[in-house]
Amino acid sequence: AWGAQGGDEFPEGEQGQDPSALAAAVHDGVEGAVKLKVLVTEKGEVADVVVVQSSGDKRLDAAALQFVRGWRYHPAVQDGKPRQVYTYARVLFELH
(Lines give C-alpha, C1' and ligand atoms only; values in the text may rest on other atoms or scores of the structure.)
Protein backbone atom coordinates (compact mmCIF):
# COMPACT_ATOMS: atom_id res chain seq x y z
CA ALA A 1 0.00 0.00 0.00
CA TRP A 2 1.18 3.49 -0.81
CA GLY A 3 1.59 5.95 2.02
CA ALA A 4 3.49 9.11 2.80
CA GLN A 5 6.39 8.07 4.97
CA GLY A 6 9.97 9.25 5.14
CA GLY A 7 10.85 10.67 1.72
CA ASP A 8 7.42 9.97 0.22
CA GLU A 9 5.31 12.85 -1.07
CA PHE A 10 1.66 13.13 -2.06
CA PRO A 11 0.77 14.67 -5.45
CA GLU A 12 0.33 18.41 -5.49
CA GLY A 13 -2.01 20.12 -7.96
CA GLU A 14 -1.39 23.22 -10.01
CA GLN A 15 -4.57 25.11 -10.81
CA GLY A 16 -4.64 26.95 -14.09
CA GLN A 17 -7.96 28.77 -14.33
CA ASP A 18 -11.14 29.77 -12.54
CA PRO A 19 -13.58 26.81 -12.69
CA SER A 20 -16.60 29.14 -12.57
CA ALA A 21 -15.68 30.27 -16.10
CA LEU A 22 -16.50 26.75 -17.31
CA ALA A 23 -19.97 26.48 -15.78
CA ALA A 24 -23.03 27.95 -17.45
CA ALA A 25 -24.82 27.17 -14.20
CA VAL A 26 -22.96 29.97 -12.46
CA HIS A 27 -24.71 32.43 -14.75
CA ASP A 28 -28.01 31.02 -13.45
CA GLY A 29 -26.96 31.75 -9.87
CA VAL A 30 -26.24 28.11 -8.97
CA GLU A 31 -23.52 27.44 -6.40
CA GLY A 32 -22.07 24.21 -5.07
CA ALA A 33 -19.05 22.01 -4.47
CA VAL A 34 -17.94 18.85 -6.28
CA LYS A 35 -15.60 16.25 -4.75
CA LEU A 36 -13.58 14.27 -7.29
CA LYS A 37 -11.30 11.24 -7.20
CA VAL A 38 -8.31 11.88 -9.46
CA LEU A 39 -5.80 9.36 -10.82
CA VAL A 40 -2.44 11.12 -11.22
CA THR A 41 0.27 9.48 -13.36
CA GLU A 42 3.97 9.33 -12.67
CA LYS A 43 4.33 12.33 -15.01
CA GLY A 44 1.79 14.41 -13.07
CA GLU A 45 -0.92 14.07 -15.70
CA VAL A 46 -4.56 13.41 -14.87
CA ALA A 47 -5.41 9.94 -16.20
CA ASP A 48 -8.94 9.63 -14.80
CA VAL A 49 -11.45 11.69 -12.83
CA VAL A 50 -14.74 10.61 -11.27
CA VAL A 51 -17.31 12.47 -9.16
CA VAL A 52 -17.47 11.03 -5.65
CA GLN A 53 -19.74 13.72 -4.19
CA SER A 54 -22.03 15.67 -6.51
CA SER A 55 -22.86 19.34 -6.17
CA GLY A 56 -26.48 18.45 -6.87
CA ASP A 57 -26.31 20.16 -10.27
CA LYS A 58 -25.20 18.16 -13.32
CA ARG A 59 -23.81 21.28 -15.01
CA LEU A 60 -21.48 22.02 -12.10
CA ASP A 61 -20.40 18.38 -11.91
CA ALA A 62 -19.58 18.34 -15.65
CA ALA A 63 -17.70 21.65 -15.40
CA ALA A 64 -15.65 20.37 -12.44
CA LEU A 65 -14.72 17.20 -14.36
CA GLN A 66 -13.64 19.26 -17.36
CA PHE A 67 -11.66 21.66 -15.19
CA VAL A 68 -9.75 19.00 -13.23
CA ARG A 69 -8.94 16.99 -16.37
CA GLY A 70 -6.79 19.97 -17.38
CA TRP A 71 -4.80 20.08 -14.15
CA ARG A 72 -1.13 19.16 -13.91
CA TYR A 73 0.31 17.77 -10.69
CA HIS A 74 3.72 17.41 -9.15
CA PRO A 75 3.70 13.61 -9.04
CA ALA A 76 3.63 11.62 -5.83
CA VAL A 77 7.02 10.23 -4.82
CA GLN A 78 7.69 6.96 -3.03
CA ASP A 79 11.20 5.73 -2.30
CA GLY A 80 12.54 8.58 -4.43
CA LYS A 81 10.55 7.59 -7.54
CA PRO A 82 7.42 9.13 -9.06
CA ARG A 83 4.33 6.94 -8.58
CA GLN A 84 0.83 6.79 -10.03
CA VAL A 85 -1.68 7.45 -7.23
CA TYR A 86 -5.24 8.50 -6.54
CA THR A 87 -5.92 11.78 -4.79
CA TYR A 88 -9.02 13.86 -4.15
CA ALA A 89 -9.91 17.32 -5.38
CA ARG A 90 -12.72 19.67 -4.41
CA VAL A 91 -14.01 22.27 -6.86
CA LEU A 92 -16.09 25.04 -5.34
CA PHE A 93 -18.45 27.18 -7.40
CA GLU A 94 -19.30 30.42 -5.58
CA LEU A 95 -20.81 33.67 -6.73
CA HIS A 96 -19.23 36.86 -5.42
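Residues numbered from 1 in each chain as written. Predicted model: local features only at pLDDT ≥ 70, side-chain atom pairs only at ≥ 80, totals over all residues. Heavy atoms only, no water.

## Looking at the nonpolar core
General note: in soluble globular proteins, nonpolar side chains tend to be found buried as a group. Just so we agree on the cut-off: Joining through side-chain atoms within 4.5 Å is the link that ties buried Ala, Val, Leu, Ile, Met, Phe, Trp, Tyr and Cys residues into a set, and such a set is a nonpolar core. Exposure categories follow from relative accessible area, calculated using a 1.4 Å probe and restricted to protein chains: below 20% of the type maximum is buried, above 50% is exposed, and the middle band is partly exposed. Secondary structure elements follow DSSP: runs of H or I of four or more residues count as helices, runs of E of two or more count as strands, with numbering from the N terminus. Throughout, a contact is declared for two residues whenever any of their heavy atoms are within 4.5 Å.
The biggest cluster of nonpolar side chains holds 18 residues, and the ones touching the most others in it are Leu36, Val38 and Val68. Mapped by element, the contributors of at least two residues to this core are strand 2 (32-40), strand 3 (46-53), helix 2 (58-69) and strand 7 (85-93). For this core, the element with the most residues is helix 2, which contributes 6 residues. Excluding its chain neighbours within four sequence positions, the residues that come into contact with valine 68 are Leu36, Val38, Val46, Val49 and Val91.

## Quick word on unusual backbone geometry
One non-glycine residue with positive phi stands out, namely aspartate 79, at about 55°. Positionally, aspartate 79 belongs in the loop between strand 5 (76-78) and strand 6 (81-83).

## As for the sheet that holds strand 3
So the rule is basically this: DSSP-based pairing: two strands are paired if at least 2 bridges between them are found. Only the stretch in contact is used when a helix axis is fitted, and all axes are lines through C-alpha atoms; the angle between N-to-C directions ranges over 0 to 180 degrees.
Reading across the sheet, the 3 strands line up as 3-2-7 and stay open at both edges, with antiparallel pairing between neighbours. Each having just a single partner strand, strand 3 and strand 7 make up the two edges of the open sheet. Adjacent strand axes in the sheet meet at a mean angle of 30°, parallel and antiparallel pairs treated alike. Pairing of strand 2 with strand 7, which is carried by 9 bridges, proceeds in the antiparallel orientation. Bridge pairing links leucine 39 to tyrosine 86 in strand 7.

Function cannot be inferred from these measures alone, as they are strictly geometric.
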